[in-house]
Structures are given as C-alpha cells and as structure tokens.
Amino acid sequence: QVQLVEFGGGLVQAGGSLRLSCAASGRTFSNSNYAMGWFRQAPGKEREFVAAISWSGGNTYYADSVKGRFTISRDNAKNTVYLQMNSLKPEDTAVYYCAARVIYASIAARDYNYWGQGTQVTVSS
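Keep in mind it's a predicted model, so treat the numbers as computed, not measured. (Residues numbered from 1 in each chain as written. Predicted model: local features only at pLDDT ≥ 70, side-chain atom pairs only at ≥ 80, totals over all residues. Heavy atoms only, no water.)

## Thoughts on the nonpolar core
By size, the foremost hydrophobic cluster in this structure holds 34 residues, and its most contacted members are Leu4, Trp38, Leu83, Met85 and Tyr96. Listed by contribution, the elements that provide at least two residues to this core are β3 (18–25), β4 (34–41), β5 (48–53), β7 (70–75), β8 (80–85), β9 (94–102) and β11 (119–124). With residues up to four places along the chain from it excluded, the contact list for Met85 reads Gly16, Ser17, Leu18, Leu20, Arg69, Phe70, Tyr96 and Val121. (Core = buried A, V, L, I, M, F, W, Y, C linked by side-chain atoms within 4.5 Å. Buried < 20%, exposed > 50% of the residue type's maximum accessible area, 1.4 Å probe, protein only. Helix = DSSP H or I, 4+ residues; strand = E, 2+ residues; numbered from the N terminus. Contact = heavy atoms within 4.5 Å.)

## Digging into the side chain of Ser54
Along the chain, Ser54 falls in the loop between β5 and β6 (60–62). On the basis of relative accessibility, which here comes to 7%, the residue Ser54 falls in the buried class.

## A few points about the pattern of salt bridges
Counting across every chain of the model gives 4 salt bridges. Here Lys67 and Asp64 are joined by a salt bridge, their closest N and O atoms 3.2 Å apart. The exposure class assigned to Lys67 is exposed, which follows from its relative accessible area of 51%. For the salt bridge of Asp92 with Arg69, the shortest nitrogen-to-oxygen distance reads 2.8 Å. Of the two residues, Asp92 is situated in the loop between β8 and β9 and Arg69 in the loop between β6 and β7; the sequence distance between them amounts to 23 residues. Residue classification places Asp92 among the buried positions, given a relative accessible area of 0%. Several salt bridges share partner residues, and in doing so they unite Arg40, Glu48, Arg69 and Asp92 into one network. (Salt bridge = Lys/Arg side-chain N within 4 Å of Asp/Glu carboxyl O.)

## With respect to the sheet that holds β8
If you trace the 4 strands from one edge of the open sheet to the other, you get β1-β3-β8-β7, paired in antiparallel fashion. Each edge of the open sheet carries a strand with a single partner, namely β1 (3–7) and β7. Direction aside, neighbouring strands of the sheet carry axes that sit 15° apart on average. (Pairing = 2+ DSSP bridges. Axes fitted to C-alpha atoms, helices over the stretch in contact; angles between N-to-C directions.)

## Things to note about the packing of aromatic side chains
Overall, the coordinates contain 6 aromatic pairs when judged by the stated rule. Each ring, one from Tyr97 and one from Trp115, has its centre 6.5 Å from the other, and the planes form 75°; the classification is edge-to-face. Here Tyr97, found in strand β9, pairs with Trp115, found in strand β10 (residues 114–115); they are 18 residues apart in sequence, far enough to count as distant. A relative accessible area of 14% places Tyr97 in the buried class. Site record: aromatic cluster; members linked through ring pairs are Phe39, Phe49, Tyr97, Tyr112 and Trp115. Above the ring of Tyr97, the side-chain terminus of Arg47 is found at 3.9 Å from the ring centroid. If you follow Arg47 out to its NZ or CZ, it ends over the ring of Trp115, 4.7 Å from the centre. (Phe/Tyr/Trp six-rings, centres within 6.5 Å; stacked < 30°, edge-to-face > 60°. Lys NZ or Arg CZ within 6 Å of the ring centre and 35° of its normal.)

This is the structure we're talking about:
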C-alpha cells in the first residue's frame, strides 16, 4: 500500500505563491517506481489534471491553464513531490490532490491508484 499526505495549502492573494508538498510512504512505494500527479477540484466541478512527473523526474507534464506558472518536482530520497505555484489566480482555488501510479505518468485521474486526502488552496482577488 501507498500512503500520500499533502501539505502546504492555504489562503493567498492573487499574484502570490504557494508550494505544495506530497509525502509518500509505504513499503510498496519504497520498492517500486511511482510516477506522481497533482490534480485539483473546485466546488461544483470535476477533478482536473494539473501536473505530473515521471518516476525519474525526467519528464513533466502540465495543464495548459498552469503552464509557465506551476512547476512540479520530486525528491526521491525524501519520497516527496512538490508543486510550486506562482502567479496564482482566483480560478486556481480548489482542493489539490496528489496521486501515484507505477512508472508512467498520466494526465488521466482514472490511471492513478493512490490518492492523498487533499489540501485546500484559496486565492483571493
């Protein structure tokens, strides 16, 4: 089993920055190569893809809405993935979830096997 816990959400003004962290644990996670993704869900909307990173960190993927503003990275020694969010907009307000799947990154939520509990990000105008 894999456990994922997100940190770093909060309230920020438009134009500000936040860094989300997702700490992974579990024997399965330590023994396998997991790609990681960030998704978000705003009230009344479906969960949407934000960013993903391959298990090696060599490949990253972004939604068009965040490209150039958000950066996904990982530290495999710490079993942690990060989402640096800059130039935040009110439309970025959502619950942000990290997710894990074996080896290959994907932009589809249905491809991920493990999910964190989510962290709220609120951007005020």
